[in-house]
Structures are given as C-alpha cells and as structure tokens.
Amino acid sequence: MSAAAVPAPERLDWFTDVIAQELVPTAIRSERVRDFWAEASVLDLGGVQVSSFEFSSLRSQRTAAHVRRSDPEQYQLGLVTTGAMSLAQNRGESGLFTGDMVLWDTSMPMESDAVPDVEGGRIRAIVLSFPRDALPLRGARVEQLLAHRIPGGHGMGAILAQYMKSLAAHAADCGPAQLERLGTVAHDLVGACLAGQLGAQDELSPEARTRALLERIEVFVDHNLGDPELTPSAVAARHGISLRRLQQLFRDRGETVAAGIRRRRLERCRADLGNPGLLTSPVHTVARRWGFTNASVFSRTFREAYGTSPTEFRHWAVREALSLARNINGPCAPGTSGGVARP
C-alpha cells in the first residue's frame, strides 16, 4: 500500500485509516500535511502479523475512547530501523530510540512521536502484532515492559530484531505453510526475548524454549563461520548444552551440525568466488576467510558439493558476469568479448 496514488492533502487521513485497519485506531497529526508520505505492507503469519511502515514525521495518540471503539486485545512490538520514535504508556516512557524495540498493549491509551534522521526524511518501522493471551507470560509481568526500550543490538533482542527485519524483507515470498512456521518462530522469539527481560524464562513452554535455543544457535553459527575453531563441540559449549543434546536438536533437520556448518561455509565461499569484485583475492584466501584452513581439503569439498573446482567455478562465474554486463550495456561495451560455457 502506498500513498502515491492519493492526493497529497489526503495522505495523512489515508495513513490514519491504514493504521486503524492494520493496527489500532489512533489520532495522528503531522507538521508535514502538505507533503506527507507513507507506505505500508502487512502479512499474516497465522496468529502473528508483521507490518512494515515508512512515513513522514508524526505524533499519534490512542485515547480511552479509541480503546472502547476498537481493541484487538493484542501486544504490539515495534522496531524502528530508520529515524527515531518515542512511546508513552502505563506510566512508562521509552524516550527517543532507533534500532531498539518497544512493546505496547492495545487495551491501554498511549502516545507516540516519530521523527526522521534529517529534515524532511522518513521513519521506517516494523511491527509484530499478536494476541495477548498467546504470550506465555503473566500479564502483570508483561506490564512492567510496556513503553520500555528493549535493546536490539545484543543478546536475544538482537536475534529478534534481525528476525523481524528478515520477515519484513522476505516473508512475502513464502507459501502458507512456511508463513505459519515463520509466525511460530516469531512468537517464540518474542516470548524468549520478553522472558529474558523479566528473568522469567521458566514460564516458557519447553517447546518454545527449544525453538528459541535453535534460533540462537543458528545466529551464532552464521556469525562465526570464519572461525576455524567453530565445531559442534564449540557450539554446544557456547550454549551450555551437551554435544549429544545439540545433535538431538538438529536430528529432525536432515543434516548433522558439522554438515550444516560445512554447507554454510561452502555457500559463503561460492558467493565470494562468484563476485567479480573479489577477483584479486586468491582462492585460498577466500577459503580461509570462511574457516577452511586446508586448501586441498577445501578444493575437494567444494568439488564434491558443486561438481567443479573452486578455480573453475570462479572462471565460469566471472565470464557469466561479464557476459551479462555486455548484454545490458550493448555489444560495443568496452572490455567484453566472446561467449561463455559453464564448466
């Protein structure tokens, strides 16, 4: 949804209607009525909704009258990725924040301000909406977190923030079954993050704790692929579980932990070898960058996975990139010649 098709003087009213329909009714004011801009996208993940918004500076207020008029009885968690936002609710005040998250309850009045990084800029935010009674934490405990900043730069907050960004960017390409699974993971990560803020991890179900643990492990592995000491034993030790427990967690995924680490390292190497901008990096440097310390082992493993050697793949990938550039720029583009054949 975009305000592009709406006359400029009517865009603020249009966005107010969008927010009322997709989140909750609220009164919205802006100093940029004449050139107000907004875009929105909403995706249902089966019990969880992810919404992405881009908009000009504004101030919003949800009053008791708004609550009486319409209340989905939800918690909503907002992540600001560009610009800054502040929110006040239930005697809590977040202060201006960016890169972090804030939680609010749709059954209570609240006020919010959103300001851009630069004059005339826009704010970008992602919101997860989910039923209050679906959260495995007591309401009185959760109230302690309303309108309080939840750091998005470290710990479980960083994992949740990154997951929200991934949902906003890629979830629309998934099928119904995948969307429902993504919603389940989102719900578990929210529960784990809020429980961590409250010191109430024991209130989560064993299934939710397990799924949240798996997500933490996945993020840890992705962030440490370049470390040659990244082994299943190291992963297990980092997360305070036994190696046997770690292998059990991954059993249903169809590959061992070691195989998953190797596959991800190979994928990163393949991407770098196919990047013409990294052509000056020797193959063994690329391999070492992603945790392969033995060049011959890397070459053999790469061939087993992709049916060609790293060097052959790089030559093919670079020729393909040059051929594509020639087709885009025309047959007379400088520095291009000849056809290509995949090895």
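Parameters and conventions
- Residue numbers run consecutively from 1 along every chain, following the written order of its sequence.
- Residue-level local features of this predicted model are given only where pLDDT is at least 70; pairs of side-chain atoms are given and counted only at 80 or more, and the full residue set underlies all totals for whole chains, interfaces and linings.
- Working from all heavy atoms in the structure, the side-chain values ignore hydrogens and water.
- Secondary structure elements follow DSSP: runs of H or I of four or more residues count as helices, runs of E of two or more count as strands, with numbering from the N terminus.
- Should any heavy atoms of two residues lie within 4.5 Å, those residues are considered in contact.
- Axis definition: a line fitted to C-alpha atoms, over the contacting stretch in the case of helices. Angles run 0 to 180 degrees between N-to-C directions.
- Just so you know how the angles are binned, under 35 degrees is roughly parallel, over 145 roughly antiparallel, 65 to 115 roughly perpendicular, and the rest oblique.
- Asp, Glu, Lys and Arg are counted as charged, while Ala, Val, Leu, Ile, Met, Phe, Trp, Tyr, Cys and Pro are counted as nonpolar; the rest, among them Gly, fall into the polar class.
- Each pair of aromatic rings taken from Phe, Tyr and Trp, with Trp reduced to its six-membered ring, is defined by centres within 6.5 Å and is described as stacked if the planes are under 30 degrees apart, edge-to-face if over 60, and tilted in the remaining cases.
- Exposure is judged per residue with a 1.4 Å probe applied to protein chains only, and the accessible area is read against the type maximum: over 50% gives exposed, under 20% gives buried, and values in between give partly exposed.
- For two strands to be treated as a pair, DSSP must find no fewer than two bridges joining them.
- One less than the residue count of a helix, multiplied by 1.5 Å, gives the span that helix is expected to have.

A.B. asks: Pulling in residues and values, what's your account of the side chain of serine 52?
C.D. replies: Counting through the fold element by element, serine 52 comes out in strand S3 (residues 49-55). Once residues within four sequence positions are removed from consideration, serine 52 is found in contact with Glu39, Ala40, Ser41, Ala125, Ile126 and Ala168.

A.B. asks: Describe the packing of helix H5 (residues 176-198) against helix H6 (residues 206-223), and please don't skip the residues or the numbers.
C.D. replies: Angle between the axes and distance between the axes: these two values describe a pair of packed helices. Remark: H5 packs on H6, axes separated minimally by 9 Å, with the N-to-C direction vectors making an angle of 95°. Taken together, the axes of H5 and H6 are roughly perpendicular relative to one another. Across the interface between the two elements, Thr184, Val185, Asp188, Leu189 and Ala192 from H5 touch Ala208, Arg211, Ala212 and Glu215 from H6. For the contact of H5 with H6, the class distribution of residues is five nonpolar, one polar and three charged.

A.B. asks: Tell me what's going on with the packing of aromatic side chains, and back it up with residues and numbers.
C.D. replies: All told, the structure shown has nine aromatic pairs when counted by the stated rule. Centroid distance phenylalanine 15 to phenylalanine 36: 5.9 Å. Interplanar angle 45°. Geometry classified as tilted. One end of the pair, phenylalanine 15, is in helix H1 (residues 11-22); the other, phenylalanine 36, is in the loop between strand S1 (27-29) and strand S2 (38-44), and 21 residues separate them in sequence. Grouping residues by exposure puts phenylalanine 15 and phenylalanine 36 together as buried. Members of the aromatic cluster, joined through ring pairs, are Phe292, Phe298, Phe302, Tyr306, Phe313 and Trp316.

A.B. asks: Which residues make up the sheet that holds S1, and what values do they have?
C.D. replies: Spatial ordering of the open sheet is given by S1-S4-S9-S6-S7, a layout of five strands whose pairing is antiparallel. Each of the sheet's edge strands pairs with one partner strand only, and the pair in question is S1 and strand S7 (92-93). Two strands pair when backbone bridges link them, and strand S4 (residues 58-62) and strand S9 (residues 110-115) are joined in this way by five bridges, in the antiparallel orientation. When the sheet's bridge partners are listed, arginine 62 is paired in S9 with methionine 110. This element, H1, spans S1 and S4 of the sheet and lies at about 145° to S1.

A.B. asks: Explain H6 to me, and be specific about the residues and the numbers.
C.D. replies: Look at H6: 26 Å from first C-alpha to last across 18 residues, which is about the 26 Å you get at 1.5 Å a residue. Buried residues of H6: Ala208, Ala212, Leu213, Leu214, Glu215, Ile217, Glu218, Phe220 and Val221, and no others.

A.B. asks: Explain the pairing of S3 to me, using residue names and the numbers behind them.
C.D. replies: Counting buried positions along S3 gives seven out of seven residues, so the element sits mostly inside the fold. The pairing of S2 with S3 spans seven bridges and is antiparallel. If you follow serine 41 over to S3, its bridge partner there is serine 52. The antiparallel hairpin formed by S2 and S3 contains four residues in its connecting segment, where glycine 46 sits at a positive phi of about 75°. As paired elements, S3 and strand S10 (residues 123-131) share seven bridges and run antiparallel to each other. Paired with phenylalanine 55 across the two strands is isoleucine 123, which belongs to S10.

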